[in-house]
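# Per-entry structural report
Take a look at the letters that make up each chain.
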Amino acid sequence: FMPYFAYILISESNGRRYFGSCENLEERLKIHNAGKVKSSKAYRPYRILYFETFDTRVEAFARERFFKTVEGYKYLKEKHII
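What follows deals with helix α2 (residues 57–67). Owing to its 3.6 residues per turn, the α-helix brings residues three or four apart onto one side. Those residues of α2 lying buried are Ala-60, Arg-63, Glu-64 and Phe-67. Taken down its axis, α2 places every buried residue within 105° of arc, on the same side. Of the exposed residues in α2, those oriented more than 90 degrees away from the buried face are Val-58 and Arg-65. Elements that come into contact with the buried residues of α2 comprise β1 (4–11), β2 (17–22), β3 (46–54) and α3 (70–78).

Moving on to the packing of α2 against α3. The angle between the axes and the distance between the axes are what describe a pair of packed helices. Two elements in contact, α2 and α3, have axes separated by 6 Å at closest approach and are oriented at 85°. The orientation of α2 with respect to α3, classified from their angle, is roughly perpendicular. In this structure, α2 uses Arg-63, Phe-66 and Phe-67 to contact α3, whose residues at the interface are Glu-71, Gly-72, Tyr-73, Tyr-75 and Leu-76.

Position of Val-58 among the secondary structure elements: in helix α2. Taking relative accessible area as the criterion, Val-58 reaches 67% and is therefore assigned exposed. In this structure the C-alpha to C-alpha distance between Val-58 and Ser-21, which are 37 residues apart in sequence, comes to 9.6 Å.

Quick notes on the rules
Residue numbers here run from 1 along each chain, matching the order of that chain's written sequence. Two thresholds apply to this predicted model, a pLDDT of at least 70 for residue-level local features and 80 or more for giving and counting side-chain atom pairs, whereas whole-chain, interface and lining totals are computed over all residues. Processing note: side-chain calculations cover all non-hydrogen atoms of the structure and skip hydrogens and water entirely. Think of it in three bands: with a 1.4 Å probe and only protein chains considered, a residue is buried below 20% of the maximum accessible area for its type, exposed above 50%, and partly exposed in between. Per the convention used, a helix needs a DSSP run of H or I reaching at least four residues, while a strand needs a run of E reaching at least two, with both numbered from the N terminus. Note that the arc is defined by the directions from the helix axis to the C-beta atoms. In this analysis, two residues are considered to be in contact whenever any of their non-hydrogen atoms come within 4.5 Å of each other. Axis lines are fitted to C-alpha atoms, over the contacting stretch for helices. Their N-to-C directions set the angle, which ranges from 0 to 180 degrees. Any angle that is under 35 degrees is reported as roughly parallel, and any over 145 degrees as roughly antiparallel; angles of 65 to 115 degrees are reported as roughly perpendicular and all others as oblique.

Okay, here's the thing in structure tokens:
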């Protein structure tokens, strides 16, 4: 069983956040920091700010999308995650 993740990365250079979902979180962080993700390339390096674990890719992607909404932003602020 491989879990899926919804995650938030934070740029160590300027504090910009990146929201995503994946199957292998450590590998995904390496890909971001290697500059292989177009939308995050300019803001490297990143570290993991927060993540949640799910049983399915669909659940992880839904949570990623939630984080990007106004309601998701409020939730993350309330929990002092961002």
